[in-house]
Amino acid sequence: MGPPHVQEVPAVTTTPQAVRRASTRRSTTPPDPARGLLPAAEPVRLLDPAGTPLPARADYPEPPAAALAELYRRMVIGRRFDVQATALTKQGRLAVYPSSRGQEACQVGAMLALRDTDWVFPTYRESMALVSRGLDPVEVLTLLRGDWHCGYDPAARRTAPQCTPLATQCVHAAGLAYGEAYQERDTVALAFIGDGATSEGDFHEGINFAAVFKAPVVYFVQNNRYAISVPLSRQTAAPSLAYKGVGYGVSSEQVDGNDPVAVLAVLTRAVAHARAGNGPFLVEAHTYRMEPHTNADDATRYRDGAEVDAWRDRDPIARLETYLRERGVLDEAAVAAVAAEAEEYAADLRARMNAQPTVDPLSLFDHVYAEPTPQLVEQREQVRAELAAAEQEGDA
Ligand SMILES: Cc1ncc(C[n+]2csc(CCOP(=O)(O)OP(=O)(O)O)c2C)c(N)n1
Ligand SMILES: [Mg+2]
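Residues numbered from 1 in each chain as written. Chains lettered and ligands numbered in written order. Predicted model: local features only at pLDDT ≥ 70, side-chain atom pairs only at ≥ 80, totals over all residues. Heavy atoms only, no water.

1. Focus on the overall build of the chain
Right, so step 1: A tally of regular secondary structure across the chain gives 14 helices and 7 strands.
Right, so step 2: In terms of overall dimensions, the chain has a C-alpha envelope of 110 × 60 × 45 Å along the principal axes.
Right, so step 3: Scored against the burial criterion, the 396 residues of the chain give a buried share of 45%.
Right, so step 4: Positive and negative side-chain charges in the chain, numbering 39 and 52 respectively, have mean positions lying 8 Å apart. (Helix = DSSP H or I, 4+ residues; strand = E, 2+ residues; numbered from the N terminus. Buried < 20%, exposed > 50% of the residue type's maximum accessible area, 1.4 Å probe, protein only. Lys, Arg positive; Asp, Glu negative; His and termini not counted. Charge placed at Lys NZ, Arg CZ, Asp CG, Glu CD.)

2. Some thoughts on helix 13 (residues 332-354)
Right, so step 1: Look at helix 13: 33 Å from first C-alpha to last across 23 residues, which is about the 33 Å you get at 1.5 Å a residue.
Right, so step 2: Turning to helix 13, the residues buried within the fold contact helix 2 (65-90), helix 5 (137-140) and helix 12 (316-327). (Expected span 1.5 Å × (residues − 1). Contact = heavy atoms within 4.5 Å.)

3. Notes on the site of ligand 1
Right, so step 1: Surrounding ligand 1, one finds 15 residues, the nearest of these being Tyr124, Arg125, Gly196, Ala197 and Tyr226.
Right, so step 2: Measuring from a nitrogen atom of ligand 1, one finds a backbone N or O atom of Thr164 at 2.9 Å.
Right, so step 3: In the model, an oxygen atom of ligand 1 is placed 3.0 Å from a nitrogen or oxygen of the Asn224 side chain.
Right, so step 4: In terms of residue class, the shell around ligand 1 is made up of 7 nonpolar, 5 polar and 3 charged. (Near = heavy atom within 4 Å. Polar contact = N/O pair within 3.5 Å; in protein donor to acceptor, adjacent residues only side chain to side chain. Nonpolar A, V, L, I, M, F, W, Y, C, P; charged D, E, K, R; others polar.)

4. Let's talk about the pattern of salt bridges
Right, so step 1: Under the defined criterion, the tally for this structure stands at 22 salt bridges.
Right, so step 2: For Asp315, the salt bridge is made with Arg79, and the minimal N-O distance between the two is 2.6 Å. Placement of the pair is Asp315 in the loop between helix 11 (305-312) and helix 12 and Arg79 in helix 2, with a sequence separation of 236 residues.
Right, so step 3: Accessibility expressed as a relative area gives 18% for Asp315, which makes it buried.
Right, so step 4: Arg275 serves as the salt-bridge partner of Asp118, at 2.8 Å between the closest nitrogen and oxygen. Of the two residues, Asp118 is situated in the loop between helix 3 (104-112) and strand 1 (119-121) and Arg275 in helix 10 (residues 260-275); the sequence distance between them amounts to 157 residues. As far as the burial class goes, Asp118 and Arg275 line up, both buried. (Salt bridge = Lys/Arg side-chain N within 4 Å of Asp/Glu carboxyl O.)

5. Details of the nonpolar core
Here is a general trend for soluble globular proteins: nonpolar side chains tend to be buried in one another's company.
Right, so step 1: Ranked by size, the top nonpolar core spans 62 residues in total, and within it Tyr72, Leu141 and Phe220 carry the most contacts.
Right, so step 2: Ranked by the residues each element gives to this core, the list is headed by helix 10, at 10 residues.
Right, so step 3: Aside from chain neighbours lying at most four places away, what touches Leu141 is Phe81, Ala85, Leu94, Tyr97, Ser127, Leu349 and Met353.
Right, so step 4: Trp119, Ile207, Ala210 and Val250 belong to the second largest nonpolar core, which has 24 residues in total. (Core = buried A, V, L, I, M, F, W, Y, C linked by side-chain atoms within 4.5 Å.)

6. Examining the confidence of the model for the chain
Right, so step 1: When the pLDDT values of the chain are averaged, the result is 93; 93% of them are 70 or greater.
Right, so step 2: pLDDT under 50 marks residues 1-14. Its contacts with residues more than four places away, or in other chains, come to 8 contacts. (pLDDT = per-residue confidence, 0-100.)

7. Some thoughts on the packing of aromatic side chains
Right, so step 1: Applying the stated criterion across every chain yields a total of 11 aromatic pairs.
Right, so step 2: On the basis of an interplanar angle of 40 degrees and a centroid distance of 4.6 Å, the ring pair of Phe209 and Phe213 is categorised as tilted.
Right, so step 3: With relative accessibility at 32%, the residue Phe209 sits in the partly exposed group.
Right, so step 4: We note Arg314 situated over the ring of Trp311; from NZ or CZ to the ring centre the distance is 4.2 Å. (Phe/Tyr/Trp six-rings, centres within 6.5 Å; stacked < 30°, edge-to-face > 60°. Lys NZ or Arg CZ within 6 Å of the ring centre and 35° of its normal.)

8. Side note on the environment of Ala318
Right, so step 1: Within the element layout of this structure, Ala318 appears in helix 12.
Right, so step 2: For Ala318, a relative accessible area of 40% gives the class partly exposed.

9. Quick word on a nonpolar patch on the surface
Right, so step 1: Together, Tyr178, Tyr182, Phe209, Val212 and Phe213 line one region of the surface with nonpolar side chains, adding up to about 520 Å² of accessible area.
Right, so step 2: The set of elements that each furnish at least two residues to the nonpolar patch consists of helix 7 (168-182) and helix 8 (201-212). (Patch = residues over 30% accessible without salt bridge, like charges linked within 9 Å, V, L, I, M, F, W, Y side chains within 5 Å. Areas by Shrake-Rupley, 256 points an atom, 1.4 Å probe, with all protein chains shown as cover.)

10. Side note on the environment of Tyr97
Right, so step 1: Tracing the sequence through the fold places Tyr97 in the loop between helix 2 and helix 3.
Right, so step 2: Residue Tyr97 is classed as buried on the basis of its relative accessible area, which comes to 2%.
Right, so step 3: For Tyr97 and Thr294, which are 197 residues apart along the polypeptide, the C-alpha to C-alpha distance reads 5.5 Å.
Right, so step 4: When sequence neighbours within four positions are dropped, the list of residues in contact with Tyr97 reads Phe81, Asp82, Ala85, Thr86, Thr89, Ser127, Leu141, Leu144, Thr294 and Asn295.

Rendered as structure tokens:
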């Protein structure tokens, strides 16, 4: 018996032509429409969890040593930034901070795979990625400090505001990328998205639009295994989130998100695919957020310490450091220099965040409507009068 897709020849078809037709049917395997779209069965990995290199792969060449050294440097600084930002929430300097500790390979790898002229569409989780892109950390934290604007100039930095409404950035990225391609510029847009947010309609609408119109977008799913307290097993029955691309005709891959070398290699290929005009690419990185969802969350209520400890053993920075020391790319002095640079970075951030921001309370009413409503005009006047009275009291 042939494979199930080969049709049986009906008994009545005995003419030579029919026999020829039947034999042609037998020898032709129908083309697989999902060929080239499916992710690897196992996440791509170039280093094992201890930092030992795995056999080289022709499909994902290892990035040059200089790029890996820079990846290491930015990951160390990125983690120090993250620790500092978390401390600032405890000191009342930040309203809220969603940490991405443990996800450094994804945060930094994504930025290194892009050109400065490419666009980034981040979520609230991507502060580390943005500072690693070279944005001023005080500007990046402005929104989380409670200001009404995102702190940096999105057009100048080619970085959209950090998005809190889940998955909306997927649609924005598709539109921006389509517009850039339409104007014959080879810009790529990279949209970050979490595992939970791939259940949102905007993810599906964005990726479908990008696929149909061949918009150069890389959808980068950081699967950190939780959407606040909802574990992946309650989120999806898909074999891997990367499979969500295949149904839309989008090339997809999955990667070990705690293997910095593999993350950079896979994203480099994904970005090249999009830039070459082949349409979007979906990458799922398997990773883990080591900290609670934000400083306002208590993660011990929904996951146990043993799980967190198991992921601590897969630390992406230690993994890359071991590998680069082994290869002679890093030595004791280089590691110490990077650590010192990270401390200086944190000290500067601390000093600037501890300075009292000058905020005009009346700016709360700006940019709400082009024409303020009568209620807003009245409320603004109330606040103005209260501020004036408080100032007079202070003077008296
Ligand atoms: C449209 C929308 N629904 C719900 C929320 C509330 N919310 C904020 S973060 C979050 C979990 C998202 O999880 P995931 O996509 O896995 O990203 P992660 O926070 O793990 O990076 C939820 C449900 C929201 N911000 N926007
Ligand atoms: Mg998540």
